[in-house]
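Next come the chains, spelled out residue by residue.
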Amino acid sequence: MDSTRFPAFWRNNAVVWVVIGLFGMALRAALYEAPYSIVALTLTLDTLAYAYTGVLHLCFQKLTIPAGRIWVVVLIACIAGLVAGLGQMQAAEIVRVVTNSFYREGYNVPFATVLFYGLIVTGWTIAYFWLAANAAVQSERLRSAEAQTAALRAELQRLQTQLDPHFLFNALNAIATEIPEDAGAAVDMTHAAADVLRDRMYNGSQILWSLADEIDHLRDYLRLQYLRYDKRLDYRLECDDAVLDRQVPRFMLQELVENAIKYGQRGADGRLLVDLSARLVGDALEISVRNCGRLRPEPGTTGAPAGGLGLVNLKRRLDIHYPDRHRFEIRHSDGFVVAVLRIEGIPCFA
């Protein structure tokens, strides 16, 4: 049946009483001589029991029991079982009179119906409260998880847009500085900045995109930086074709490259080299960004590498997207500073 017309409780309760009815028929076969008596008693008593437990369900829905008051549940269960047993005993007597039923010789057990249905309804009531309490706990956990998910999504949106004013401020300052000296370069920088901002404005609510889209965005960003630094920035982007379809957080690589440009060391000719590579290492995506220079420890630390808002932002986003499934480190190697990021699996939030 359609679950909207026949809710889960009533459907499951019907199954329970069908099973109990089959068990009851087996017991009654040992007590009664006539098969029609067995069928009549089973249909009547178990239908009444189903209706009675349905009434209990409607009453229990409006009942609030303080946490830890198990004795209240046991008391309610015992009362419900006693009422059910006595009521079913009266109903059984009426059915036996109407159908002229007789016990088998030596099998007239006093209060058998009271014990049978009393114990079953008592157990049914305890199970009902236990299942209801368990469902309430699961529902609360689900609500808590949904609230936490919503909070994390909001934080991701905030982190994603947090760098926009910072980037725009730098870009506009660079363009303004360039206008008096080289108007043509200023125009090129304006177009490059527009390309970068277009990526941020369109589908702004999108948290993930493919690594190929990230690389395309990064090319626009590096073109702007190339013009900003008077064409003294050399950069290379190398990505395996196998990783281009992987979903990654938007603008993740820009934060790595921006940090490399900001803290990178220029050579004697004033040029700066930035290399980026992306490849598969097993099932993990490994991204490395390399620039000339040495690690610059934060003031007051004992060797922790420097990093601004971008790296703090990136680390937090990685914690949310890849909990316990990422590794990020910055190290010095042969005259270069190398930032290595390894992420496993798919991001938690899309």
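Above this note sits the structure.
One structure accompanies this document, and this report is about it.

Conventions adopted
Residues numbered from 1 in each chain as written. Predicted model: local features only at pLDDT ≥ 70, side-chain atom pairs only at ≥ 80, totals over all residues. Heavy atoms only, no water. Helix = DSSP H or I, 4+ residues; strand = E, 2+ residues; numbered from the N terminus. Contact = heavy atoms within 4.5 Å. Phe/Tyr/Trp six-rings, centres within 6.5 Å; stacked < 30°, edge-to-face > 60°. Buried < 20%, exposed > 50% of the residue type's maximum accessible area, 1.4 Å probe, protein only. Lys NZ or Arg CZ within 6 Å of the ring centre and 35° of its normal. Pairing = 2+ DSSP bridges. Axes fitted to C-alpha atoms, helices over the stretch in contact; angles between N-to-C directions. Salt bridge = Lys/Arg side-chain N within 4 Å of Asp/Glu carboxyl O.

### Side note on unusual backbone geometry
Phi angles above zero are rare outside glycine, and Phe251 is one such case at about 65 degrees. Relative to the elements of secondary structure, Phe251 occurs in the loop between strand E3 (247-249) and helix H7 (252-263).

### Topic: the environment of Leu222
The residue Leu222 is located in helix H6 (residues 211-228) in this model. C-alpha of Leu222 to C-alpha of Arg236: the two residues are 14 residues apart in sequence and 9.9 Å apart in space. Here Leu222 is in contact with Leu233, Tyr235, Leu237, Val257 and Ile261, once residues within four sequence places are set aside.

### Here's the deal with the packing of aromatic side chains
Scanning the model with the defined rule gives twelve aromatic pairs in all. When the centroid spacing of 6.3 Å and the interplanar angle of 75 degrees are considered together, the rings of Phe9 and Trp124 count as edge-to-face. Taken together, the positions of Phe9 in helix H1 (residues 8-31) and Trp124 in helix H4 (residues 112-178) put the pair 115 residues apart, joining distant regions of the chain. Each ring, one from Phe60 and one from Phe129, has its centre 4.7 Å from the other, and the planes form 40 degrees; the classification is tilted. With Phe60 in helix H2 (residues 35-61) and Phe129 in helix H4, the pair connects residues that are 69 residues apart, well separated along the chain. Comparing Phe60 with Phe129 shows no difference in burial state: the two are buried. For Arg290, the ring lying beneath its charged end belongs to Phe336, and the centroid distance is 4.0 Å.

### Some thoughts on the sheet that holds strand E5 (residues 284-292)
As summarised here, the arrangement of the five strands in space is E2-E4-E5-E7-E6, forming an open sheet in which the pairing is mixed. Of all the strands in the sheet, the pair left with one neighbour each is strand E2 (233-239) and strand E6 (326-333). Averaged over all pairs of adjacent strands, the angle between their axes in this sheet comes to 10 degrees, without regard to strand direction. Bridging between E5 and strand E7 (residues 336-343) involves eight bridges; their strand directions are antiparallel. Looking at E7, one finds that Val289 is bridged to Ala339. On top of the sheet, H6 reaches E2, strand E4 (272-281) and E5; it is set at about 175 degrees to E2, its chief contact. H7 contacts E2, E4, E5, E6 and E7 of the sheet and is inclined by roughly 20 degrees relative to E5.

### Thoughts on the pattern of salt bridges
Under the defined criterion, the tally for this structure stands at ten salt bridges. Across the pair Arg143 and Glu140 runs a salt bridge, and its minimum N-O distance is 2.7 Å. Remark: Glu140 and Arg143 occur in helix H4; sequence separation between them is three residues, near one turn of the helix. A relative accessible area of 45% places Arg143 in the partly exposed class. The salt bridge involving Arg317 is made with Glu255; its shortest N-O contact spans 2.8 Å. Placement of Arg317 in helix H8 (residues 309-321) and of Glu255 in helix H7 is noted, with a sequence separation of 62 residues between them. You can call Arg317 buried: its relative accessible area is 3%. Among the residues examined, Glu255 registers a relative accessible area of 2% and is labelled buried. If you follow the salt bridges from partner to partner, you end up with Arg236, Asp275 and Arg290 in one network.

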